[in-house]
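# Descriptive analysis of the structure
Each chain, written out:
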Amino acid sequence: MDKADIANDYIEWRTEEAINAQRYQPSAVASRAICKECDAPIPAARRKALPGVQLCVGCQSVLEGR
Ligand SMILES: [Zn+2]
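### Looking at the overall build of the chain
Within the chain one finds 3 helices and 0 strands. Starting at the N terminus and ending at the C terminus, the chain contains elements arranged as α-α-α. Considering the chain as a whole, with its 66 residues, one finds that 6% of them fall into the buried category.

### Details of the environment of R32
Relative to the helices and strands, R32 resides in the loop between α1 (3–23) and α2 (44–49). Of the residues examined, R32 has 15 C-beta atoms within 10 Å and is grouped as partly exposed. For the pair R32 and C56, spaced 24 residues apart in sequence, the C-alpha to C-alpha distance is 9.3 Å. Excluding residues that lie within four positions of it along the chain, R32 makes contacts with I42, V53 and Q54.

### Some thoughts on the environment of D39
Tracing the backbone through its elements, the reader meets D39 in the loop between α1 and α2. Taking the C-beta count within 10 Å as the criterion, D39 has 8 such neighbours and is therefore assigned exposed.

### Overview of the environment of R46
The residue R46 is located in helix α2 in this model. Its 15 C-beta neighbours within 10 Å are what place R46 among the partly exposed residues. When the C-alpha positions of R46 and C56 are compared, they lie 8.4 Å apart, and in sequence the two are 10 residues distant. Residues in contact with R46, not counting those within four places in the same chain, are V53 and V57.

### With respect to the confidence of the model for the chain
Per-residue pLDDT for the chain averages 85, and the proportion of residues at 70 or more is 86%. Per-residue pLDDT, averaged within each element of the chain, yields its smallest value for α1 (81) and its largest for helix α3 (residues 57–65) (94).

Conventions we followed
- Residues numbered from 1 in each chain as written.
- Predicted model: local features only at pLDDT ≥ 70, side-chain atom pairs only at ≥ 80, totals over all residues.
- Helix = DSSP H or I, 4+ residues; strand = E, 2+ residues; numbered from the N terminus.
- Buried ≥ 20, exposed ≤ 12 C-beta atoms within 10 Å, placed from the backbone.
- Contact = placed C-beta atoms within 7 Å.
- pLDDT = per-residue confidence, 0-100.

See the structure below:
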């Protein structure tokens, strides 16, 4: 393997990583202080327990109960 091959592999790897980072962005967002559905405040304890949480307890249970 020469230097060009190594560079190509590196570029491919970086590109793949960038695509994956974008693809998984929605689940990697910071926890919300306010529920996405009903605008109720989400307690800090819940945000800490569930990194990236978007919904309050009420909306989450409705969603999971479906
Ligand atoms: Zn809610």
